[in-house]
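Spelled out, the chains give:
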Amino acid sequence: MEKLPLYFAFLLVFICACKTPDTESTGNSEQHSTNHLARESSPYLLQHAHNPVDWYPWGEEALKKSVAENKMLVISIGYAACHWCHVMESESFQDTSVARVMNENFVSIKVDREERPDVDDVYMTACQLAGDGNCGWPLNVLALPDGRPVWTGTYFPKKNWLEVLDYFVKVQKNEPEKLETFAEQLTQGIRSIETVHFDDGEKEFSQATLDDMMQKLLKAADKKKGGTRAEAPKFPMPVIWESLLAWQHSKKDQAVLQTIQTSLDAMAMGGIYDHLGGGFSRYSTDADWHVPHFEKMLYDNAQLVSLYSHAYAATKKDLYKNVVEETLEFVKENLTSGEGGFYSSLDADSEGEEGKYYVWTKDEIEKTLNDPALSELFCDYFNVEKNGNWEAGKNVLIRKQSDETFLKKYKLSPDELAKKLSEAKALLLKVRKTRVAPATDDKILTAWNALMLKAYCDAFAALGEENYRAAALKSGAFLAKNALQKDGRLNRNFKDGKSSINAFLDDYALTAQAFAALYQITFDEKWLNHARQIADYAIAHFKDEKTGMFFYTSNLDPALVARKMDVADNVIPGGNSSMAKALYLLGLYQYNETYLADAAQMLHNMKKSLTGSDPGFFANWLQIWQYQVRPPYEVAIVGDDFEKSRAALAANYLPNAILLGGKDEGSLELLKGKLLEGETRIYVCQNKVCKLPVTEAVKALNLMK
């Protein structure tokens, strides 16, 4: 890919330079009649349905119009909880002078990146190729009528946005060949990214190589303040800690466990965690986990519930249990639909101000609690300062001392401290609920719901709370009814009883995993049958026969400028690593050697990327590597009292085991011939070879040491 020509590059300075809103206005900012987004269900698109800009949703209508009228495309991509998306809408897209330029010279398309991650990925890749990594949302793209991008940027104040538009109007009129040249260069670059080749070499996965990659992960961790990097911003990155926790389980290295706990403690005690209402914000804007970016995403909270459930099972640390319980209460109250699905996010802003709903002055706290002793205790516990610990005299609640230190300081028992904090939180929450709450993005996305379903399964396994299993079953039933079709196809989205988008690879992979997890806490084989049906559909419509990898989009979907493979792991595990994990687990359950071989080939194709790059970008693949060097135990529990044994085993952290069984032998091959009337037996097997059965969970655990 050649370096960006100067006549495009000069515009990129705006990406870094323009970080504050532009207050200058030269046109009206008024509510207009509806545009083409009024027919959509996405809350983000509906936010723009009354803009004077004649927005279209992504689809054939807009693309055909662009070709017919020979107008360039403006593709603006964002999501409902995005702060700077709101700012740019207010400054530019609600302004009639801006709308006039866009409507006369371009066909404008609005994209909800959460509904259409395929579109977002293509143009975000273009931004990363052309913009030296200065990319984010809103992501604004100028493209030729066929969709090939020629320029990308993020937030722009109105004045600079008009300059961008004016520049490209002139280039298209006077030098269209320049647009064609750069579009071709950029499109070829997009198509070359994340290209994976088939590796026909011998499939060897060594423990030594795995250990080396895990040590690299550890080296990158901030061992003092927590997180995967020392500088800001800091993201939770659950998949990295999940991989390290599973690896530590086999290594029994207390130093590794301490590094993991440093990060989990920092996140749970920091401002990124909502100490009143539960749940995690998107990321920390500083290196100390103090001030969050206040939006709350379903996918973050789902993965963090799973992580803290696993960490509690491994350590029995009360802090982790509290995080799980409080976060699930937050999800129940704020992100759960009556049908059993889960909403996507809560906005960062309320009343036009980021974080306003969550922060407090010290005077507000003292007035609300109306008890000097209780106020002193609460403010000390959460580091509330008279002049504020954030901006404008406001405080973000954050913990810096362990409970043990605090108990000694105030000469309190654990029960006394818990009672006082509970009383104060209840009073403050009551007041907080009278404030204008952040908006909810109430669309329901299959992949994110699958993560939340698995979170409930993991929480039930670790804590044994029956309400969590009930919520998991309700979620599973919702997905089976509203997302899963008879042929195994999935829908991506659901809102107001409708689905409009064909699912993507992560929807299939994560739902298959979630249904397998639901089987593990119920032993109801219908969930495994659903998982296998989903996997088979993905193999038929997403798999690349040349490499054994999977495309992100189905072969039934209209083509974009590039059909990409999602191989890296980020804030959500990538589609290919998730599918490889799903195939591996289903291969164990179903005795399906093809699934197991496919998963091994996918990992083998990725070996050079894993060993030659930052392993943090491939953390989910490292869990699959662990399966290869340390094959999971297959623990069969059969008999009338199976539930008691299942619960006793599941309460332990067992990243190297799958559970299966039931009152009878069912249909799974591994269960055949294992039922003995009048007894409940536990069989610990590995690679289909079983040890002598035992009748007590503790004995089964000893067989896995």
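See the structure printed just above.
Residues numbered from 1 in each chain as written. Predicted model: local features only at pLDDT ≥ 70, side-chain atom pairs only at ≥ 80, totals over all residues. Heavy atoms only, no water.

Draft legend 1. Region of the structure containing the overall build of the chain. Of the regular secondary structure elements, the chain holds 28 helices and 18 strands. Here the C-alpha radius of gyration of the chain, 26 Å, is about what a compact globule of 705 residues would show, namely 27 Å. By its C-alpha atoms, the chain is 85 × 70 × 45 Å across when sized along the principal axes. Counting all 705 residues of the chain, 59% fall into the buried class. (Helix = DSSP H or I, 4+ residues; strand = E, 2+ residues; numbered from the N terminus. Rg over C-alpha atoms; globule rule 2.2 N^0.38 Å. Buried < 20%, exposed > 50% of the residue type's maximum accessible area, 1.4 Å probe, protein only.)

Draft legend 2. Structural view of the nonpolar core. Among the nonpolar cores identified, the biggest contains 217 residues, and Y123, L142, V150, W161, Y308, W621 and L649 are the most heavily contacted of them. By size, the runner-up hydrophobic cluster in this structure holds 19 residues, among which are W360, L377, C379 and L421. (Core = buried A, V, L, I, M, F, W, Y, C linked by side-chain atoms within 4.5 Å.)

Draft legend 3. Region of the structure containing the sheet that holds strand 3 (residues 106-112). An order of 1-3-2-4-5 is seen for the five strands of this open sheet, with the pairing classed as mixed. The sheet is open, and its two borders are formed by strand 1 (56-57) and strand 5 (149-153), each paired with just one other strand. Summarising the sheet, strand 2 (residues 72-78) and strand 3 pair through seven bridges and their orientation is parallel. Along strand 3, the bridge assignment pairs V74 with S108. (Pairing = 2+ DSSP bridges.)

Draft legend 4. Fine view of the state of the cysteines. The tally for this structure, following the rule as stated, stands at three disulfides. What connects to what in the chain, once the bonded cysteines are numbered by sequence position, is 1-2, 3-4, 5-6. (Disulfide = S-S within 2.5 Å.)

Draft legend 5. Layout of the pattern of salt bridges. Under the definition given, this model contains 45 salt bridges. Here K317 makes a salt bridge to D265, at a shortest N to O gap of 2.7 Å. In this pair, K317 is assigned in the loop between helix 13 (298-315) and helix 14 (318-334) and D265 in helix 12 (residues 254-269), connecting sequence segments 52 residues apart. The salt bridge involving E643 is made with R469; its shortest N-O contact spans 3.3 Å. With E643 in helix 27 (residues 642-650) and R469 in helix 20 (residues 466-482), the pair connects residues that are 174 residues apart, well separated along the chain. Of the residues examined, E643 reaches a relative accessible area of 26% and is grouped as partly exposed. Residue R469 is classed as buried on the basis of its relative accessible area of 13%. Salt bridges sharing common partners tie together D112, E114, D441 and K443. (Salt bridge = Lys/Arg side-chain N within 4 Å of Asp/Glu carboxyl O.)

Draft legend 6. Expanded view of the pairing of strand 3. Across the seven residues of strand 3, seven count as buried, placing the element largely inside the fold. Neither face of strand 3 is left uncovered, since the one carrying F106, S108, K110 and D112 and the one carrying V107, I109 and V111 both have all their residues buried. Looking at chain direction, strand 1 and strand 3 are connected through two bridges and run parallel. By the bridge assignment for strand 3, P57 is matched with K110.

Draft legend 7. Examining the sheet that holds strand 12 (residues 440-441) more closely. Here three strands make up an open sheet; going across it, the order is 8-9-12 and the pairing antiparallel. Here the strands that pair on one side only, and so sit at the sheet edges, are strand 8 (296-297) and strand 12. Alignment of strand 9 (residues 345-346) against strand 12, held across two bridges, turns out to be antiparallel. Looking at strand 12, one finds that L346 is bridged to T440.

Draft legend 8. Here's a closer look at the pairing of strand 16 (residues 657-662). The element strand 16 is largely enclosed, with a buried count of six among its six residues. Along strand 16, one buried face is formed by A657, L659 and G661 and the opposite face, lined by I658, L660 and G662, is buried too. For strand 15 (residues 633-638) and strand 16, the ladder comprises six bridges, and the chain directions are parallel. Opposite V635, over in strand 16, you have L659 as the bridge partner. Read as a crossover between parallel neighbours, the route from strand 15 over helix 27 to strand 16 is right-handed. (Right-handed = clockwise from strand over helix to strand, strands pointing away.)

Keep in mind that these numbers describe shape and distance, not what the molecule does.
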